[in-house]
Amino acid sequence: MKPADVLKHVKGESLFTDDFPEPQGTLYAYIFDSPKAHAKIKRLDVSKAEKSKGVVSVLTAKDITGENQIGNIVQDETLLAENEVSYIGEPVAVVVAESLKDAKRAKKLIELELEELPVITDPRQAYEKGELIVPPIIFSSGDLDAAWNRCDVIVEDKIEIGGQEHLYLETQGALAIPNEDKIKIISSTQSPTAVQRAAAKILGWGMHRVEVDVLRLGGGFGGKEDQATPFGAIAALAAAVTNRPVKLVLSRPDDMRMTGKRHPYSIDFRLGADKSGKLIAYEVTYYQNSGAVADLSTAVLERSLFHTTNSYRIPNVKATGLACRTNLPPNTAFRGFGGPQGMFAIEAALNKLAEKLNLPAWELQKRNLIREGDIFYYGQKVKDNQIERCWSEAEESYSIKETIEKINLFNNSQNRYRKGFAVMPITFGISFTSSFLNQASALIHIYTDGSVGVSTAAIEMGQGVNEKIRIAVARVFSVNLDRIKIESTNTTRVSNTSPTAASTGADLNGNAAIIASKNILERLHKKAAEIFNVSPEDIEIIEEAVYVRGKKTEMKWEELIWRSYFERVSLSSHAFYATPDIYFDREKNQGQPFAYHVFGVAFTEVTIDGLLGTYTVDSVKVVHDFGESLNPQIDLGQTEGAIMQGIGWVTMEELVQNKDGRLLSNSLSTYKIPDIFSAPADVEIRFLENPHNPNGPFNSKAIGEPPFMYGIGTYFALRNGLKAFGVSDNIPLSSPMTPEKVLLALHSKQVV
Ligand code: MTE
Ligand code: HPA
Ligand code: MOS
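In this text, all values refer to a predicted model and were calculated from it rather than measured experimentally. (Residues numbered from 1 in each chain as written. Chains lettered and ligands numbered in written order. Predicted model: local features only at pLDDT ≥ 70, side-chain atom pairs only at ≥ 80, totals over all residues. Heavy atoms only, no water.)

Let us look at the sheet that holds strand 15 (residues 316-325). Taking strand neighbours across the sheet as the criterion, the six strands line up as 7-15-14-13-8-30 in an open arrangement whose pairing is mixed. Looking at strand neighbours, the two that pair on one side only are strand 7 (137-141) and strand 30 (734-735), the edges of this open sheet. Both strand 8 (residues 153-161) and strand 13 (residues 265-273) contribute to a ladder of nine bridges, which runs antiparallel. Each bridged residue has a counterpart across the sheet, and for K158 the counterpart in strand 13 is D268. The strands that helix 10 (residues 339-357) touches are strand 8, strand 13, strand 14 (279-291) and strand 30; relative to strand 8, the one it contacts most, it runs at about 140 degrees. (Pairing = 2+ DSSP bridges. Helix = DSSP H or I, 4+ residues; strand = E, 2+ residues; numbered from the N terminus. Contact = heavy atoms within 4.5 Å. Axes fitted to C-alpha atoms, helices over the stretch in contact; angles between N-to-C directions.)

Glancing now at the pairing of strand 2 (residues 39-45). Where strand 2 lies against strand 4 (residues 84-85), two bridges are found, and the strand directions are antiparallel. Each residue of the ladder has a partner; that of A39, found in strand 4, is V85. Examined bridge by bridge, strand 2 and strand 6 (residues 111-116) share six bridges and lie antiparallel to one another. The partner of R43 across the bridge, within strand 6, is E113.

Another point: the site of ligand 1. In the region of ligand 1, 19 residues are neighbours, and G220, F221, M461, G505 and Q638 sit closest. Measuring from an oxygen atom of ligand 1, one finds a backbone N or O atom of G220 at 2.7 Å. Protein contacts shield 93% of the accessible area of ligand 1, which totals 520 Å² for the unbound molecule. Of the residues assigned to the shell around ligand 1, the class counts are six nonpolar, 11 polar and two charged. (Near = heavy atom within 4 Å. Polar contact = N/O pair within 3.5 Å; in protein donor to acceptor, adjacent residues only side chain to side chain. Areas by Shrake-Rupley, 256 points an atom, 1.4 Å probe, with all protein chains shown as cover. Nonpolar A, V, L, I, M, F, W, Y, C, P; charged D, E, K, R; others polar.)

As a further point, take the site of ligand 2. Taken together, the neighbourhood of ligand 2 is formed by E225, R303, F337, F432, T433, S434, L437, A501 and A502. At a separation of 3.1 Å, an oxygen atom of ligand 2 approaches a polar side-chain atom of R303. Classifying every residue of the shell around ligand 2 gives five nonpolar, two polar and two charged.

Right, let's talk about the pattern of salt bridges for a bit. Per the counting criterion, the structure on display carries 45 salt bridges. A salt bridge links K42 to E115; the nearest nitrogen and oxygen atoms lie 3.2 Å apart. With a gap of 73 residues between them, K42 in strand 2 and E115 in strand 6 connect regions that are remote in the sequence. You can call K42 exposed: its relative accessible area is 51%. (Salt bridge = Lys/Arg side-chain N within 4 Å of Asp/Glu carboxyl O. Buried < 20%, exposed > 50% of the residue type's maximum accessible area, 1.4 Å probe, protein only.)

Here we come to the domain arrangement of the chain. It is common to report an interface's size as the accessible area lost on association of the parts. When the domains of the chain are assigned, the result is domain 1 (4-117 + 166-258), domain 2 (265-433 + 587-748) and domain 3 (439-578). Summed over both partners, the interface of domain 2 with domain 3 comes to about 1,600 Å²; 62% of that surface belongs to carbon and sulfur atoms. Considering only the surface of domain 2 that becomes buried against domain 3, F432, L630 and F698 emerge as the three largest contributors, covering 40% of it. One can count one salt bridge joining domain 2 with domain 3. Among the ionic pairs, D635 bridges to K468, the shortest N-O distance being 2.7 Å. Where domain 2 touches domain 3, the interface holds four residue pairs in polar contact (both at pLDDT 80 or more). Per-class residue counts for the side of domain 2 that touches domain 3 are 10 nonpolar, six polar and four charged. (Domains from an automatic or database assignment. Buried area = accessible area lost by both parts, 1.4 Å probe.)

Over its 12 residues, helix 6 (residues 192-203) runs 17 Å from end to end, which matches the ideal 16 Å to within 8%, given 1.5 Å per residue. Within the sequence span of helix 6, burial applies to P192, T193, A194, V195, Q196, A198, A199, A200, I202 and L203. Residues of helix 6 that are buried make contact with strand 10 (182-187), strand 11 (210-214), helix 7 (229-242) and strand 20 (489-490). Note on helix 6: the residue one or two positions beyond its end, G204, has a positive phi of about 75 degrees. (Expected span 1.5 Å × (residues − 1).)

Take the nonpolar core next. I159, L271, Y282, Y286, F344, L353 and L722 are the most contacted members of the largest nonpolar core, which has 105 residues in total. If you tally residues by element for this core, the top one is helix 10, at 10 residues. Grouped together as the second largest cluster of nonpolar side chains are 47 residues, V465, A512, L524 and L560 included. (Core = buried A, V, L, I, M, F, W, Y, C linked by side-chain atoms within 4.5 Å.)

Before going further, it helps to spend a moment on the sheet that holds strand 24 (residues 572-578). Spatial ordering of the open sheet is given by 19-18-17-24, a layout of four strands whose pairing is mixed. Among the strands making up the open sheet, the edge pair consists of strand 19 (484-486) and strand 24. In this sheet, adjacent strand axes meet at a mean angle of 20 degrees when their direction is disregarded. Note: strand 17 (residues 439-446) against strand 18 (residues 452-456), five bridges, orientation antiparallel. When the sheet's bridge partners are listed, L443 is paired in strand 18 with S455.

Relative to the helices and strands, T308 is located in the loop between helix 9 (297-306) and strand 15. With a relative accessible area of 0%, T308 lands in the buried category. A distance of 3.0 Å separates the side chain of T308 from the backbone oxygen of S304, its partner in a polar contact. If we ignore the near neighbours within four places in the chain, the residues touching T308 are Y282, V284, Y286, V317, A319, G342, I346 and Y377.

If you want it as structure tokens, here you go:
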């Protein structure tokens, strides 16, 4: 059966924030944002704008009745700038008017006088100036100093990794509706409670006076984990000040300019091994370009530190994370959440080492895979390890040797094209690395006709979490899927929500929903036992029929529900789930932060056109550990989509800022994302047989982020393609590998 949303999406019937029927009297908000990346505010005058046609109010920091502070992890972010601006796109004032046109017209009348300050856009420069958001974070194990002496080969280099624009189809937005002493915010957020908390703080109200409701998102990809918050809070502030409904939906250019992106990283590494290629020591320093305020940067940085060795055993590790404050929009969560940058670095290091040892990289990768019982450098034991199985199944299914023979044959058969090949293994930790966030609740009602309403903290953003929860609940009750409706996510039904993020949405909320369903089921069993005069253990519900001691009775689901209601049995349950046995000690940087890991291996083949520098991704072939998939169609879609997004990140999505901190790649004509023509010609995904994951609902595994990192394989396949042209040294480790960079590398060698 297709997920409930699919048909509605295709027919254009699905509602997103901007589609909700606007209540009578709705006003429109438009943000006046900083035109400079770093400056003191000398004068802000909105009086002319206030008098402009159709304008109801122009808000500045002065209108904030509560606290002008929306920082999440670090309290360093104002909703509206007060004394200083620190990036282009920072909200300074908000015009609220009868129409968007009126608001836009008035915006031009706002007067802002600035005294410019020095602008930093480069994380290394920020570091030199002492601009760190938090002190350096260091993860280490073993004895690095002693280990270098035991290495036969050591490689070291610098890496530059670019950011990435989320480009969710639905831009940021919110509709705030005042209602007596409350405000209801319909928000496009991954984190309803973050919006609720920030709005309440801005207004100086209790959180109980702010209700946040989310039907679905047109994509979030991490970009709405923290950064939907200011827009929800601005709409709420405007609604409170005007006592009218206020809608704020960003245009694409405004969204691209104002919001943060995936963090660019600048990296130094040093990797050592013995003659056989066995890894001995790895030292890495991540200069994270955090942007102007903390946002989620420190958590993102930590996830880089947790994925520093990807799927490899390295006994001596030191990884240093530096959250460098620059004058760019605050960079934020993006699928993989720092994992991709950490994994890119170790792959780059391994490739360098392979070049020096004159071995194919995949031999080194294979030789150094983690094994069951190993201890990660952060203290967690490698458990239910599937990486070697994924690798050997991939080799069996897709044969490295044959692929390489075929590639060599092709490369030797003509001059213009070269193929390249790379393997990308992934080992990705599942759980929020901030342990406290690993909690979720569900509220389930069975109505008197036997239909079921399910509320959880999960946000549906196209990843299929609603369908997964629906499947899980249907399985517990053993009823038809169409009896079950997943409700909007609403802070009055399910409170204190963790963001739907870290790929944990289906795990945490699915588990909470299973517990709530089981609570009601137990009551139903008891009632049926009473009716049939047996004990509850004798009762089963199978496909909507009541069974007694394994024998089907005449009683159907609907009848049992009605009887239970009539005899005053509660048909509702609220349940709570918290991931067991996880903890992390931030003084020692040791612990067991993850419920489990997700494993997989991808083989990537590319062809480079030596004349043009353009290339195609010929194939991506994967063996992935999905656990016991709840819905293979959804999991396949997540895997394919993530691979495409990962390929985009390392090949074509190039963010360019000038030295004044202005985003130049600010539209889809200058920022290129993958389309059907850049999709791999062949994508094959095999499901590793693994029915065992006690932490996932019905033994399933999280899928949202891990396959993103298969995309990294394309970068190294391209690098190998360049090497096949004879461009052997001095290909800078710089992502994305755009066709321009490929062409420049080829020209530097004059190979064609
Ligand atoms: N898939 C779609 N279609 N749209 C999205 O916004 N977000 C990704 C991933 N897959 C996303 C997506 C990210 S960043 C995460 S963390 C997970 O979905 C979140 O959902 P889950 O926890 O339910 O997997
Ligand atoms: N992943 C995603 N989002 C988060 C995390 C994480 O580990 N920690 C806090 N927010
Ligand atoms: Mo995903 S980056 O954890 O929202």
